[in-house]
Amino acid sequence: MTTDATATGADRELDTFYRDVDAAGLTPLWTITEELLTPVPRPKAVPWLWPARTYRPLAERAIGLIPIERGGERRVLSLRNPGLGGRPYAAGTLWGAVQCLGPHETAPAHRHTPGAIRFVIEGDGVFTTVNGDACDMHPGDLVLTPGWAWHDHSNPSDGTMFWFDGLDLPMIEALDGVFFEPHPDLNQPVEGPHNRSEAVAGPRFADAPVTGELDPEPSPLLVYRWADTAAELDRRAEARPDDSEVELEYVNPRSGASVLPTLACGMHRVIAGRSTAPLRRAGNQVRVVHRGHGHSVIDGRRFDWGPGDMFVVPSWAAAEHHAAETADMFTIGDSPVLRALGIYREQRLPAPQQVTSVFRTGEDA
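Residues numbered from 1 in each chain as written. Predicted model: local features only at pLDDT ≥ 70, side-chain atom pairs only at ≥ 80, totals over all residues. Heavy atoms only, no water.

### What to know about the sheet that holds strand 15 (residues 264-270)
- Spatially, the seven strands line up as an open sheet ordered 1-20-17-22-15-14-12, and their pairing is antiparallel. Strand pairing shows two members of the sheet lacking a second neighbour, strand 1 (48-50) and strand 12 (205-206), which therefore form its edges.
- By the bridge criterion, six bridges tie strand 17 (residues 285-291) to strand 22 (residues 327-333) in an arrangement that is antiparallel. Looking at the pairing, R287 lines up with T331 of strand 22.
- Here helix 5 (residues 226-239) sits on the sheet and contacts strand 12, strand 14 (245-250), strand 15, strand 17 and strand 22; the angle it forms with strand 14, its principal contact strand, is near 140°. (Pairing = 2+ DSSP bridges. Helix = DSSP H or I, 4+ residues; strand = E, 2+ residues; numbered from the N terminus. Contact = heavy atoms within 4.5 Å. Axes fitted to C-alpha atoms, helices over the stretch in contact; angles between N-to-C directions.)

### Digging into the sheet that holds strand 7 (residues 133-137)
- In space, the five strands of this open sheet follow the order 7-6-9-4-11, with antiparallel pairing throughout. Edge positions in the open sheet fall to strand 7 and strand 11 (180-182), since each of these has one partner strand only. Taken over all neighbouring pairs, the strand axes of this sheet differ in orientation by 25° on average, direction set aside.
- Strand direction decides the pairing type here: strand 6 (residues 126-130) and strand 9 (residues 151-154), joined by four bridges, are antiparallel. Bridge pairing links V130 to H151 in strand 9.

### Details of the pairing of strand 15
- Strand 15 sits mainly inside the fold: seven of its seven residues count as buried.
- Here strand 15 shows no split at all, with A264, G266, H268 and V270 on one side and C265, M267 and R269 on the other all buried.
- Bridge count between strand 15 and strand 22: seven bridges; the pairing is antiparallel. Directly across from G266, in strand 22, lies its bridge partner T331. (Buried < 20%, exposed > 50% of the residue type's maximum accessible area, 1.4 Å probe, protein only.)

### Here's the deal with the side chain of T145
- Mapped onto the secondary structure, T145 falls in strand 8 (residues 142-145).
- Under the relative-accessibility criterion, T145 is labelled buried at 0%.
- In terms of polar contacts, T145 uses its side chain to reach the side chain of R118, at 3.1 Å.
- Apart from the residues within four sequence positions on either side, T145 is in contact with G115, A116, I117, R118, T128, V130 and H151. (Polar contact = N/O pair within 3.5 Å; in protein donor to acceptor, adjacent residues only side chain to side chain.)

### A few points about the environment of L142
- Its location among the elements puts L142 in strand 8.
- Classification of L142 as buried rests on a relative accessible area of 0%.
- Each C-alpha atom of the pair L142 and S296 lies 23 Å from the other, and the pair is 154 residues apart in sequence.
- With residues near it in sequence (within four places) discarded, L142 still touches I117, R118, L222, V223, Y224, Y250, C265 and F330.

### Quick look at the pairing of strand 7
- The buried fraction of strand 7 amounts to four of the five residues, a majority that puts the element mostly inside the structure.
- Examined bridge by bridge, strand 6 and strand 7 share five bridges and lie antiparallel to one another. The partner of F127 across the bridge, within strand 7, is D136.
- In sequence, strand 6 turns back onto strand 7 through a hairpin of two residues, with N131 there showing a positive phi of about 50°.

### Here's the deal with unusual backbone geometry
- Of note in this structure, D176 is not a glycine but carries a positive phi near 55°.
- Relative to the elements of secondary structure, D176 occurs in the loop between helix 4 (169-174) and strand 11.
- Residue D176 is classed as exposed on the basis of its relative accessible area of 72%.
- Within the chain, N195 stands out as a residue other than glycine whose phi angle is a positive 65°.
- You can see N195 is positioned in the loop between strand 11 and strand 12.

### With respect to the side chain of S296
- For S296, the position within the fold is in strand 18 (residues 294-298).
- Within the structure, the side chain of S296 is placed 2.6 Å from the side chain of H321, a separation counted as a polar contact.
- Discounting residues that sit within four places of it in the chain, S296 has contacts with R301, R302, F303, W305, F311, E320 and H321.

### Side note on a nonpolar patch on the surface
- Where nonpolar side chains cluster on the molecular surface, the patch consists of L14, F17 and W30 and spans about 340 Å² of accessible area.
- The class of F17 is partly exposed, set by a relative accessible area of 37%. (Patch = residues over 30% accessible without salt bridge, like charges linked within 9 Å, V, L, I, M, F, W, Y side chains within 5 Å. Areas by Shrake-Rupley, 256 points an atom, 1.4 Å probe, with all protein chains shown as cover. Salt bridge = Lys/Arg side-chain N within 4 Å of Asp/Glu carboxyl O.)

### Let's talk about the packing of aromatic side chains
- In the structure shown here, the tally under the stated rule is nine aromatic pairs.
- With centroids separated by 4.5 Å and ring planes inclined at 10°, the aromatic side chains of F119 and F330 adopt a geometry described as stacked. With F119 in strand 5 (residues 116-122) and F330 in strand 22, this pair connects stretches of sequence that are 211 residues apart. In terms of burial, F119 and F330 fall into one category: buried. (Phe/Tyr/Trp six-rings, centres within 6.5 Å; stacked < 30°, edge-to-face > 60°.)

Below you can see the structure in the form of structure tokens.
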């Protein structure tokens, strides 16, 4: 028979054991198994939206208050997801931000191991130089700055430009692989005419998402023009008039893989008055509304959006999108890494989600 004294002694012995385990820098797996091996992904990032009407005036104020010079390097307002404890990341694996460049400004040349993309929101006359190739930037264009490529941004015009920055910085940081180096000169030299990479032959788009091809090398094509993207969306919409959505993924023209080894970029067109099917995807995604108005339902919460708005769909969050008018949305995600590791998956929900709340700017998570 177990006595109270025996039980008390066993409890003390167990308490002593756990203290000794902790003092040795160890953690017993049996106490944390459910935290580590979850049935489905449980990202810390939460669905969130950053409206253009909020960030745009702040970006304009930054132009007047924050000079670009050595030390500052970039005038960037990063998307800070409230679920990440103050970290300046849109999701656990993705950096998202708005970058602004005023008239006759230059953002100095540097390079870093995280890969980056630029999607132009507004403005004209700016070019990004990538390893000597000056890539002119226009609204709706996608510009790549692969990991460890020298890059700088120049605005010889009298106007201002705003663009979306997307990076795999949180992922590379988690791998303890971040390296950074400033260029010895303020700007790298431009080699030859602008937009040299556009001579690269091969397909620029694929049905999204890419499911097979993987490539450790980035796309040699550095700029994907909105005119080409819009024409491809038009062609697909005309070919499939009954679909609620047409989509494409920008691809490496030499391999058909995603544009960067770690990042997939795409464009989604939702047809006016229609809704996409609710879908869960493994991996994080940030969307930038290029044109049109509508709303998305993410894990039961409604997010109303318009041109320039940015929002995040965390891994395995159920998401569906409705267009009040035909809407084009740029997307960036980490799916190439999940596919390379064999852990990418999708799940289509059998019915639309019930809306349980509506997102309001400035509210708490």
